[in-house]
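Here's the letter readout for the chains.
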Amino acid sequence: MSAFILAIDQGTTSSRAIVFDRDGVAVGQAQKEFRQHFPHDGWVEHDAQEIWNDCLALCRQALRNAQVEADQLAAIGITNQRETTVLWDRATGEPVARAIVWQDRRTADYCQRLKQEGHEDLVRERSGLLLDPYFSATKLAWLLEHVDGARRRAEAGELAFGTIDCWLLWKLTDGRVHATDATNASRTLLFNIHGQHWDEDLLRLFDIPASLLPEVRDSAGEFGRTDPRVLGAAVPVTGIAGDQQAALVGQACFQPGMVKSTYGTGCFMVMNTGAAVHSDNRLLTTVAYRLNGETTYALEGSIFVAGAAIQWLRDGLNLITHASETEALARRVGSAGGVYLVPAFTGLGAPWWDPHARGALLGLTRDTGIAEVVTAGLEAVCYQSRDLLEAMAADCAQRPTTLRVDGGMVVNNWLGQTLADVLGVRVDRPRVTETTALGAAYLAGLGCGLFRDLDEIAEHWQPDRAFEPSLEEGERERRYRGWREAVQRVCSDNRQ
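J.: Any details on unusual backbone geometry? Residues and values, ideally.
T.: Notably, Leu189 is not glycine yet its phi reads approximately 75°, a positive angle. Assignment of secondary structure puts Leu189 in the loop between α7 (182–185) and β10 (191–192).

This is the structure:
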């Protein structure tokens, strides 16, 4: 069997394709940013056709860069931005509207109305999620109501819904396969995570025709084969997982209590809990992965803006020209000096869940300069991470002692050390920080028989650097109190 796997990592601001060998080493890759659409305040959209075109070109480029032919691939794995909602024509394979991105807030009032009507307990019980515009169901309901003819065509069976993984699988197989995996299904608000099926009561609540929905499968196993015209050979797609679950796999967090946090556009902290754990602290109960019909669960906290705050400092305020400059600026000043950036540009995620909150820069003095503001942007990532870790510790009655981190931001050593200082736990960075794509490759390898089990995958994980807490506890708590006060200032109801 060939030992090469092609991973498609379709993110919020860029798409990439990476060819891995059996040891998890990237031998060829390609990446491209794509356009973000902001038609109204709080709205975020993507062109799904552009995403497909980019992914196809990137797959071909990655294979060329790796000097690997398509017929040398053992399998393809897909990982994706979750919750982003695509609605397309089954006959033509064309989207009927731009995709509504997970960050989009247009259905905030709809969610609030459903809460006031008393539906959130049902939603949480069945899906493990909260009533928030973050998830797919209200986005899909919006498309059905606002795209001309969409509801009529959906009820006639002419349209298909999917998250980005499902859309890419459809295109890769030339429309032969309409399927998703359990991790992506668990992010829609429509999936019963305990029974592992689309939930009739939730479909009725959101008025979603069942004919729109894809088949839900395990995260590893054959989903279908690519049309030979796509890459030049019929390659099996044998692994699919949402980006954060893929990163959990890439970080080999296979034992209950293990935690990883991915720092990209947003920040997502996921704890493997084994069995499903109900959160009393407004975290999400979600599917970590489903293998051989057996479901492993996780608790997840979602931060909507992490790296996106640095992107805003670069592109919106022009304070820096490249994200790599942030480390030197932060080292120069040591800390933000009491300045807090609360990046609630699209509301606040866990554990606040306030879609109406808006960002703020607090604690400014005459001495505040670019370095302090940039450092505040980095520190905001750390403080938000602590919010999540505290909630997980409360839900599980024990505090994790180690956090495995990955994503583009963690190449910044100052950020790694500050994370350890703010959280008060050891932070481990692996040799491969792009663990989302690696997790997709591992799942594909598991699905095609390249790996025998999770234990074999875990043997591949290797540390690059560990960051130990060095900040005095009193100072750690003082800074964190300042953060909590800053967040209270931006919450729409000024909650404590």
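J.: An account of the nonpolar core is needed here, citing residue identities and associated values.
T.: Among the nonpolar cores identified, the biggest contains 102 residues, and Leu87, Phe206, Ile208, Leu212, Tyr263 and Leu348 are the most heavily contacted of them. Take this core: its biggest share by element is 12 residues, from helix α13 (residues 370–396). In this structure, Ile51, Leu63, Ile76 and Cys166 belong to the second largest nonpolar core, which totals 41 residues.

J.: Talk me through the side chain of Asn272; I want residue IDs and the actual numbers.
T.: Topologically, Asn272 is positioned in strand β16 (residues 267–274). You can call Asn272 buried: its relative accessible area is 1%. The residues contacting Asn272, other than those within four sequence positions of it, are Cys253, Phe254, Gln255, Pro256, Gly257, Met258, Tyr289, Thr296, Tyr297 and Ala298.

J.: Run through the packing of helix α10 (residues 243–250) against helix α15 (residues 435–448), naming residues and quoting values.
T.: Contact geometry for α10 and α15: axes closest at 7 Å, N-to-C directions at 80°. Viewed along their axes, α10 and α15 adopt a mutual orientation that is roughly perpendicular. Where α10 approaches α15, its residues Asp243, Ala246, Ala247, Val249 and Gly250 are matched on the opposing element by Thr435, Thr436, Leu438, Gly439, Ala440, Tyr442 and Leu443. Residue composition of the contact of α10 with α15, grouped by class: seven nonpolar, four polar and one charged.

J.: Which residues make up the sheet that holds strand β21 (residues 402–406), and what values do they have?
T.: The strand order across the open sheet formed by seven strands is β17-β18-β16-β15-β21-β22-β23, and the pairing between neighbours is mixed. The outermost strands of the open sheet, each flanked by one partner alone, are β17 (284–291) and β23 (463–467). Strand-to-strand, the axes of this sheet are offset by a mean angle of 30°, without reference to chain direction. Looking at chain direction, strand β15 (residues 259–263) and β16 are connected through five bridges and run antiparallel. For Thr262, the partnering residue across the bridge sits in β16 and is Phe268.

J.: Go over the pattern of salt bridges, please, and point to the residues and values.
T.: According to the stated counting rule, one finds 39 salt bridges in the structure shown. Notably, a salt bridge pairs Glu155 with Arg151, separated by 3.9 Å at the nearest N-O pair. Taken together, the residues Glu155 and Arg151, both in helix α5 (residues 150–155) and four residues apart, mark about one turn of the helix. Under the relative-accessibility criterion, Glu155 is labelled exposed at 54%. The exposure class of Arg151 is buried, given its relative accessible area of 16%.

J.: So what's going on with the sheet that holds strand β3 (residues 26–33)? Residues and values would help.
T.: Pairing between sheet strands relies on hydrogen bonds along the backbone, with the strands arranged either parallel or antiparallel. Across the sheet, six strands lie side by side as β3-β2-β1-β5-β14-β13; this open sheet has mixed pairing. A single partner strand is all that each edge strand has here, and the edge strands are β3 and β13 (220–225). Neighbouring strand axes in the sheet, compared pairwise and without regard to direction, differ in orientation by 25° on average. Relative to strand β14 (residues 236–242), strand β5 (residues 73–80) is paired through five bridges, and the arrangement is parallel. For Ile78, the partnering residue across the bridge sits in β14 and is Ile240. Together, β1 (4–10), β5, β13 and β14 form the strand contacts of helix α6 (residues 164–172), whose direction differs from that of β5 by roughly 145°.

Each value, and the rule that gives it
- Residues numbered from 1 in each chain as written.
- Predicted model: local features only at pLDDT ≥ 70, side-chain atom pairs only at ≥ 80, totals over all residues.
- Heavy atoms only, no water.
- Helix = DSSP H or I, 4+ residues; strand = E, 2+ residues; numbered from the N terminus.
- Core = buried A, V, L, I, M, F, W, Y, C linked by side-chain atoms within 4.5 Å.
- Buried < 20%, exposed > 50% of the residue type's maximum accessible area, 1.4 Å probe, protein only.
- Contact = heavy atoms within 4.5 Å.
- Axes fitted to C-alpha atoms, helices over the stretch in contact; angles between N-to-C directions.
- Parallel < 35°, antiparallel > 145°, perpendicular 65-115°, else oblique.
- Nonpolar A, V, L, I, M, F, W, Y, C, P; charged D, E, K, R; others polar.
- Pairing = 2+ DSSP bridges.
- Salt bridge = Lys/Arg side-chain N within 4 Å of Asp/Glu carboxyl O.

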